[in-house]
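Commentary on secondary and tertiary structure
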Amino acid sequence: MPQLTLPDGSVRDITLPTTGRELAALLPAALAARAIGIKVGNEIRDLASSVTEDAPLRVILADDRDPDALYLLRHSAAHVLAEAVCALFPGTRLAYGPPTDEGFFYDLAPPRAISEDDFPAIEAKMREIIAADRPFTRCEYEPAAGLARTAGDKYKTDNAERALARGAPRLSFYVTGIPGEGWEDLCAGPHVPSTKWLSACKLLAVSGAYWHGDQRSDRLTRIYGTCFASEAGLQAYLRRIEEAKQRDHRKLGKELDLFHIEEDNPGQVFWHPRGWTIYLALMEYMRAKQRQYGYVEVHTPTVMARALWERSGHWDKYRDNMFITESEKRDFAIKPMNCPGHILIYKQGLKSYRDLPLRIAEFGSCVRNEASGALHGILRVRGFVQDDAHIFCREDQVESEVALFCRMLTEVYADFGFGAERIEVKLSTRPAQRIGSDESWDRAEAALANAVRAAGLSYAISPGDGAFYGPKLEFTLVDALGRGWQCGTIQLDTNLPSPERLDAHYIGEDGQRHPCVMLHRAILGSLERFIGILIEHFAGRFPLWLAPEQLRILPVSDDHLPYARQVRARCQDAGLRATVDERADKLGAKIREARLMRVNYFAVVGAQEAAAGTVSLQDSRGQRLGAMPVEALVQRLREEVTARRLPAPDPASAA
RNA sequence: GCUGCCUUAGCUCAGGGGUAGAGCACUUCCUUGGUAAGGAAGAGGUCUUGGGUUCAAAUCCCAAAGGCAGCACCA
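All values derive from a computational prediction rather than experimental measurement.

Some details on helix H9 (residues 273-292)
With 20 residues, H9 extends 28 Å between its outermost C-alpha atoms, agreeing within 8% with the 28 Å of an ideal straight helix rising 1.5 Å per residue. Listing the buried residues of H9 in full gives Arg274, Gly275, Ile278, Tyr279, Ala281, Leu282, Met283, Tyr285, Met286, Arg287, Lys289 and Gln290.

Next up, the structure:
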């Protein structure tokens, strides 16, 4: 006998058959009025559908916190969008309109180009449809009859054929309004009961997309929008988008004078003094961490001969992404990865099992010929530096090495404020095309899974996503706005060290040669990208230990310049990055400038301070910290640097 | 790379077939000040680039480059 779980957690036995509406009627009236669908097992269905199977049941209420509710709302909103576009642009053909994580889109082929200027008209039409409170009605047809309804429309016919190929017994259409009269679209559903639920709805963007994602296929117009159960939910979402815009690392990078990218040299970063200060602090931090975890650091050539890339397999598989050059009729390539170089270092001298594991690290400067459309600020560039390392070990050392790596990684992430709750781990397992025995894949996958668990992290499995030569772990950070950024990775590789490839081996206890297992790993990923993420995560307000300008001393007038310089000298001697604002501006202007530049602390010095040997301290948010002797200031800041203290969470952050 | 949109002063942007505009920043001068912008004057532009239409193009058309969004890519 199936059971219905009520919103308060209580459970009721249900007699079959029943319908969604009957289930909703079992809820308190106030909740029943918000019912928009049901969940049968893992399947979301229309409120009007009937239930005949024994499965856990739940009524879906219009609620911004319920992903199933948002799914229903957004899927339905996509339909209303499509109807509005069809009404305003007769002749529009529809391809595909699914919900997404944050909203929905509809791919369609309008008779003329649609731009954001058309949004007000489309939204007005949508509001009209929504205000009309028209029911979504499901109509099912036998395959032949259903296909007849899509005849002449190649997109819908294709969708219908695909649905049948996936085993759908019948084709379903949804009518908004009265069947036979209302607007109709081929759709598997499910939908909300009526258009009235879709009032918190907004169009966001328009762009191009290809049919089936194929560049050679038809080009379609994709209109993006989102929908929430409540106006409050929609407004909160729009505020979050606005906040993300304010934190955009490209905007802050310019405003805070951290870096720039030359128009004539796309995809490579010119780091300015302030940005480079962050870069160096980050690199020195990682260098110390690596030393602590038993890594040795190396440096390999930027340009290497074609023969080496042929042996590593890159010339074959990765050439399109490599910058290639020549000298005296020989081909060379700028390195896109560091692994071959590290193997060459490993192979200098015969290695014993006693030498393993050997952890070789490099701040590896890589250049990849990324497609122009992929470039994005400093998050996706052509030239970047990886905190790369390769661990050479025996197979029986894999698990402990991965565990050690996970420990190091969680320690590093925590230092930037990403605790376990802000780390998502994905384990990519064996693909269909692979080398190696099933037993060795079993061992490798289990080793990675055990190591992640040992680090106190949970993980999701991504079946079949591993490389052909080994499984991998990918670590995604969730930032202050709840967005995910993939940074760390560790990948098991038995291919590159094999005798057929670069032949990295060791002499075992048995006196025989054995191929190494190699672990490719990175924690930050690329320094460029990681700094971009930090800029957005901290909204430009870096922790003191990373900040380009930790303290700015603001003399009240020129008379106090000598004292200000004296304070600066003391702070610099103590290793702090301190400056003096020497401009002939009034104090208010100096404070404004210091705050706009997110200088962590600024110290006002005037006659009182000079006489007392103190400063009046304030932080970048304008918090007054009072007068304190210069030595107390130095101590306070040094302590904060040493502890790598994080800034207080930004009140504007959503997540 | 593909599609669409965008490109005007160092920055943020307005304008628009017929002497190129604002705010901020910059330079100089005045002001020496106490917690988010003191005042005045000045300088600053091949309106991304190349073609075309026109008596006349920064403006309209075509192309290229770069940027933005999305797609594809990210072993």
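Quick notes on the nonpolar core
Counting 70 residues, the largest nonpolar core has Val402, Tyr413, Phe416, Leu473, Phe475, Ile523 and Leu546 as its most contacted members. Not counting residues within four places of it along the chain, the set of residues in contact with Tyr413 comprises Phe418, Ile423, Phe475, Leu477, Cys487, Gly488 and Ile523. Core analysis: the second largest hydrophobic core is formed by 42 residues, Ile60, Leu73, Phe104 and Ile223 among them.

Brief notes about the environment of Glu500
By secondary structure assignment, the location of Glu500 is in the loop between strand E26 (484-493) and strand E27 (505-507). With a relative accessible area of 65%, Glu500 lands in the exposed category. Put simply, Glu500 and Gly540 are 40 residues apart on the chain and 48 Å apart in space, counted from C-alpha to C-alpha.

Let's talk about the protein's contact with RNA strand B
Close to RNA strand B lie 41 residues; Tyr210, Met337, Arg595, Gln618 and Arg624 are nearest. Those elements that place two or more of their residues in the surface near RNA strand B are strand E13 (200-210), strand E14 (219-228), helix H8 (249-255), helix H17 (587-596), helix H18 (607-612) and strand E33 (614-619). Across the surface near RNA strand B, the residue classes tally to 15 nonpolar, 14 polar and 12 charged.

Overview of the domain arrangement of chain A
Looking at the assigned domains, one finds that chain A contains domain 1 (3-61), domain 2 (68-245), domain 3 (276-300 + 335-537) and domain 4 (551-643). Placing the centre of domain 2 and that of domain 4 at their C-alpha centroids yields a distance of 57 Å.

Overview of the packing of helix H3 (residues 67-88) against helix H4 (residues 119-131)
Each pair of packed helices can be summarised by the angle the axes make with each other and by the distance between the axes. Two numbers describe how H3 lies on H4: the axes approach to 9 Å, and their chain directions differ by 115°. The element H3 and its partner H4 pack so that their crossing is right-handed. Across the interface between the two elements, Ala77, Val80, Leu81, Glu83, Ala84, Val85, Ala87 and Leu88 from H3 touch Ala121, Ile122, Lys125, Met126, Ile129 and Ile130 from H4. Looking at side-chain class alone, the contact of H3 with H4 contains 12 nonpolar, no polar and 2 charged residues.

Brief notes about empty space enclosed by the protein
Taken as a whole and judged by the stated rule, the model has 1 cavity of 30 Å³ or more. As a volume, the largest cavity reaches approximately 60 Å³. If you trace the largest cavity, you find it lined by Leu256, Leu258, Arg274, Gly540, Phe542, Pro548, Glu549, Met597, Arg598, Val599 and Asn600. When the residues that make up the lining of the largest cavity are grouped by side-chain class, the tally is 6 nonpolar, 2 polar and 3 charged.

Reading the values: the criteria
- Residues numbered from 1 in each chain as written.
- Chains lettered and ligands numbered in written order.
- Predicted model: local features only at pLDDT ≥ 70, side-chain atom pairs only at ≥ 80, totals over all residues.
- Heavy atoms only, no water.
- Helix = DSSP H or I, 4+ residues; strand = E, 2+ residues; numbered from the N terminus.
- Expected span 1.5 Å × (residues − 1).
- Buried < 20%, exposed > 50% of the residue type's maximum accessible area, 1.4 Å probe, protein only.
- Core = buried A, V, L, I, M, F, W, Y, C linked by side-chain atoms within 4.5 Å.
- Contact = heavy atoms within 4.5 Å.
- Near = heavy atom within 4 Å.
- Nonpolar A, V, L, I, M, F, W, Y, C, P; charged D, E, K, R; others polar.
- Domains from an automatic or database assignment.
- Axes fitted to C-alpha atoms, helices over the stretch in contact; angles between N-to-C directions.
- Left-handed = near helix turned anticlockwise from the far one by under 90°.
- 1 Å grid on protein atoms, 1.4 Å probe; cavity = no way out; pocket = protein on both sides within 12 Å on 5 of 7 lines; lining within 4 Å.
- Points joined across faces, edges and corners; volume = space filled by probe spheres on them.

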